[in-house]
Amino acid sequence: MRREATLLVYFLLFDHVVFSLAYTKKGVNGSIYDDCNMIIWRIGAIINPTTRVGKEQKIGMEMAVDDFNAQNSECSQLVFNFANYSHGPAASLATYLANKKQAHAILGPLTHQEAALFSDFDDEAYKGIPIISLHPASTYSTVLRTESPSLIQMSNDVESKMQCFAALIGHFKWRKVIALYEIGNNFSNMDSGLITHLSDSLKVVDSSVEYHLAFPPLFSLSDSKSFIQKELVKLKTKNVKVFVVLQCSLDFGLVLFEMANEMGMMGENYVWIISNNMASLLDSVEPSVLLNMQGVIGFKANVNEKTECFREFNAKFRKKYRSQYPEEEGYPSPSSYALKAYDATWAIAKAMQKLSGSNSSELVKSILLSDFEGLSGKVSFKNGMLYQKPTFRIINVIGKSYREVSFWSPEFGFSEVLGEHNGVKLKIGNGLGGALGSIVWPGGTQTVPKGWTIGGLEKPLRIGVPARGAFTQFVKVTVNQERNETLIGGFSVHVFQAVVRELPYYLPYDLVPFNGTYDEMVVGVSNKNLDAVVGDTTILAERYEYAEFSQPYIDSGLVMIVTERLRLNKLHFIVIKAFKLKLWILLAVMSMSTGVVIWLNEYVNDNPDFSGSFPQLIGSMLWFSVTVLSFSQRESIKSNLSRLVLTTWLCVVVVVTACFTAILSSIMTVPRLEPSVLNVDYLLRTNAPVGCNGNSFIVQYLVNLQFKPENIKKISSISDYPKAFEKGEISAAFVVAPHAKVFLAKYCRGYTKSGPVFKLGGFGFVFPKGSPLAVDISEAVLKLSQSGEINQLEEQMLISTNCSSSSAEEQLSGLGQELFSGPLLISGVICGIVFLISIARLVRKHWLYLSSIIANSANIVLRWTSLVKNCNIVIDQRPNIQQNDEITEVF
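Residues numbered from 1 in each chain as written. Predicted model: local features only at pLDDT ≥ 70, side-chain atom pairs only at ≥ 80, totals over all residues. Heavy atoms only, no water.

A. How the structure looks around the confidence of the model for the protein. When pLDDT is averaged along the protein, the result is 79, and 78% of the positions lie at 70 or above. Per-element confidence in the protein is highest for strand β9 (residues 271-274), whose mean pLDDT is 96, and lowest for helix α1 (residues 2-22), whose mean pLDDT is 37. Note on residues 418-426: pLDDT under 50 across the span, and 29 contacts to partners over four residues away in sequence or across chains. A low-confidence stretch, residues 428-433 (pLDDT under 50), is modelled with 17 contacts involving residues beyond four sequence positions or located in other chains. (pLDDT = per-residue confidence, 0-100. Helix = DSSP H or I, 4+ residues; strand = E, 2+ residues; numbered from the N terminus. Contact = heavy atoms within 4.5 Å.)

If you want it as structure tokens, here you go:
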């Protein structure tokens, strides 16, 4: 027994030694396995400890390492090493951490290009080390991932931020913005593409980047305030007042807004929008600093601050931050950067915990399989990128703090705080036009700034007007040599002045005469020689290549004006054309009514001439209605009432006959006119010369219609058209419809429109491409059109010279019943009264006969009613008898 026990002890000691030797060997890449499977994992981090973001990220990573080690102290431990981002390129620092510190994974703001560069010169032994990037991703991440397959994107993509910018800009309908950003560092091109991403997003909301400016890093400037002030002076002269700060450090942003406030760029009409990289850090600054940012809006990453985990993290973070940076002023509140760094470290730690070795490719796969709820939200990956779409809180700086006015996400747009999304209760909005609370803008106003200013008292707009227009009724330029001044007026100018009065702001401008063609004037706006154009400028597709037009203030189309020629009358039944159909019908009805009333009245008065059988009586009535018109009736009229009816009717007949004779004579004697040229084809077949305004687009338009250039005569004024027609120099004139209306109003005899109307875009005011003023002017034009003010100006200024005489066609049209309404009404009233009197006399005369008829009819009705009633009683009694019989049989 003793011998067996001794052998058992030696056996256990030997087994323990072998077991220890087997697990104390050094693992790959420096991982140490001890007697309890203890594994040491090393995480390298690239951080800039001189910035607020870097400090928060460092503390967040250290807290994650401490929490992991506390939970897994017996089996595995994390070791944290970091490199200073300000000391060199990120790719070189990553190589340093991999080679010198033997890091198994690297955290830092590496871009895809930097990760690919790291993979290129990385030692083969460390090939494929996972890199968790905290730098914003781009839409090209999936493509570039083939160049750096070990790169995992932990932050949200750039496109989501640019879409949030675009959502805010589109919601308030700002058409132009100025983009600003601070270059992140001097060692990489991580800032490239920001403007491209923003421009692409703004196209969706019909906006664009007017100007962009990149500032060097704040630490590279010897006198940052004077440099920023100098750049802001340039921006202050711009018409656009919507400034978008795409990215900047907290220190740079505070200096930027301090200088902007001193220069008066934080007042009314200004708009400042900041992104999450500054908005997320506003909790950590002193409240007094925010006084320089009054009215600023922006967005910050959404964080669910109501969870127990966040409250514990917040308390530990504050304590650790104060201990490491006691010199820091402000509040050490953790931002989304600290939360992202904490969650990224935990994702690496969880992935390492699942592995038995330190194979880099396996570690990458394990990290990509992460799926847990972190402090910053859901942590899961798809195609190497954070899968969860971001939700941003829209903030508005007011006083010494800020308030949240809405939420925004790519899926739902703006939302109120009523539903649930990414840990936040939201009420889903409707895209760009969804819920967005009240905002206090720079200057303390709640009115949405228009976001731009054009001109000013010191620099009014230079608005060109055509000085050589053929129709001066639209724009008239008069030079007063004695007073050395230029007077500009006309319909188009008056309309523009009325439109400007409708604008909700003051718009200073000067009208500048332009002596070139209309096309050259439009190009002048494109070249910025002119700020706008006011005049009878036709909206054409070709001109849209150079400028933008307002809503047309008058419709237009190309029409052909020709002379008139005589036309022979070849109308059948021309006699009937003297009166309109309604008048003929009314006269026939009145004539028959008059005859019937007179006959009835004479019949009641026992006139023997008005008697006979019933068919004879009807025929006599109709014949009398005809013969009474010519006094050829055979019957003598004895009643005074009949004479009264006949007298009034004969007066109407005399008036109607006189008018009929006059209008028929005019129709038969006055010649009618027709256009001398009926269509454009005739002009083309005969090579006829035509005229048009030589300064307008019509010359090229006629060439496109196959007119020969030598057959197109350029005419410079409205008075030259009649002279050209009289001399035979032109057979037709082509003018736009508003000009044709003015011409025919002044020369209404001898000229007319002919042929088809070629549809055009109307007359509009011209502005530079993308000008916000075009939208406001268009809205004002619509208001004036709906109110009728433009129509009033048109009647007063364009067609007030209309001739008093109208065309022969209008003069010689048939007469209507309106002309004879008075006499016909009197005759009808008298005829009606006499008819009622005659009916009363007829009833009284035959009352006894009528009474007997009524009495007989009443007896017949009573007898019939009694008979029906008796029949119903008999029918009702039969079922009762049958029922009684059946009952008797049962009993």
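B. Molecular detail of the packing of aromatic side chains. Taken as a whole and judged by the stated rule, the model has 33 aromatic pairs. Each member of the aromatic cluster is reached from another via a ring pair, and the members are Phe474, Phe491, Phe496, Tyr509, Tyr553, Phe763 and Phe765. Above the plane of the ring of tyrosine 325 lies lysine 55, whose end atom (NZ or CZ) is 5.0 Å from the centre. In this structure, lysine 450 is placed above the aromatic ring of tryptophan 452, and the distance from its NZ or CZ to the ring centre is 5.8 Å. (Phe/Tyr/Trp six-rings, centres within 6.5 Å; stacked < 30°, edge-to-face > 60°. Lys NZ or Arg CZ within 6 Å of the ring centre and 35° of its normal.)

C. Inspection of the nonpolar core at higher detail. Counting 71 residues, the largest nonpolar core has Phe734, Phe765 and Leu773 as its most contacted members. Sort the elements by how many residues they give to this core and helix α14 (residues 491-502) lands first, with seven residues. The next biggest cluster of nonpolar side chains, apart from the first, holds 45 residues, and it includes Leu78, Leu134, Trp346 and Val364. (Core = buried A, V, L, I, M, F, W, Y, C linked by side-chain atoms within 4.5 Å. Buried < 20%, exposed > 50% of the residue type's maximum accessible area, 1.4 Å probe, protein only.)

D. Looking closely at unusual backbone geometry. The residue glutamine 102 is not glycine, and still its phi comes out positive at about 50 degrees. Among the secondary structure elements, glutamine 102 is positioned in the loop between α3 (90-99) and β3 (105-108). Here the phi dihedral of asparagine 687 falls at roughly 55 degrees; this positive angle occurs in a residue that is not glycine. By the secondary structure assignment, asparagine 687 is in the loop between α19 (680-685) and β26 (690-693).

E. Structural context of the UniProt feature "transmembrane region" (unreviewed entry) in the protein. The positions that UniProt labels "transmembrane region" (unreviewed entry) are, in the present scheme, residues 583-601, 613-632, 644-668 and 824-843. Summarising residues 583-601: 100% helix, 0% strand, and an end-to-end C-alpha distance of 27 Å. The annotated region residues 824-843 carries 100% helix and 0% strand content, and the separation between its end C-alpha atoms amounts to 29 Å. (UniProt positions renumbered as here; feature names shortened; annotations may be inferred.)

F. Inspection of the packing of α14 against helix α24 (residues 789-797) at higher detail. Interaxial distance between α14 and α24 falls to 10 Å at its minimum, and their mutual angle equals 155 degrees. Judged by the angle between their axes, α14 and α24 are roughly antiparallel. Where α14 crosses over α24, the handedness of that crossing is right-handed. Residues Phe491, His494, Val495, Ala498 and Arg501 of α14 lie in contact with α24, whose contacting residues are Glu789, Ile790, Leu793, Glu794 and Met797. Looking at side-chain class alone, the contact of α14 with α24 contains six nonpolar, one polar and three charged residues. (Axes fitted to C-alpha atoms, helices over the stretch in contact; angles between N-to-C directions. Parallel < 35°, antiparallel > 145°, perpendicular 65-115°, else oblique. Left-handed = near helix turned anticlockwise from the far one by under 90°. Nonpolar A, V, L, I, M, F, W, Y, C, P; charged D, E, K, R; others polar.)

G. The environment of proline 287, seen in detail. For proline 287, the position within the fold is in the loop between α10 (276-279) and β10 (297-301). Residue class for proline 287 comes out partly exposed when judged on its relative accessible area of 27%. Separated by 115 residues in the primary sequence, proline 287 and tyrosine 402 place their C-alpha atoms 9.7 Å from one another. Proline 287 has contacts with Tyr331 and Lys400, leaving out every residue within four places of it along the chain.

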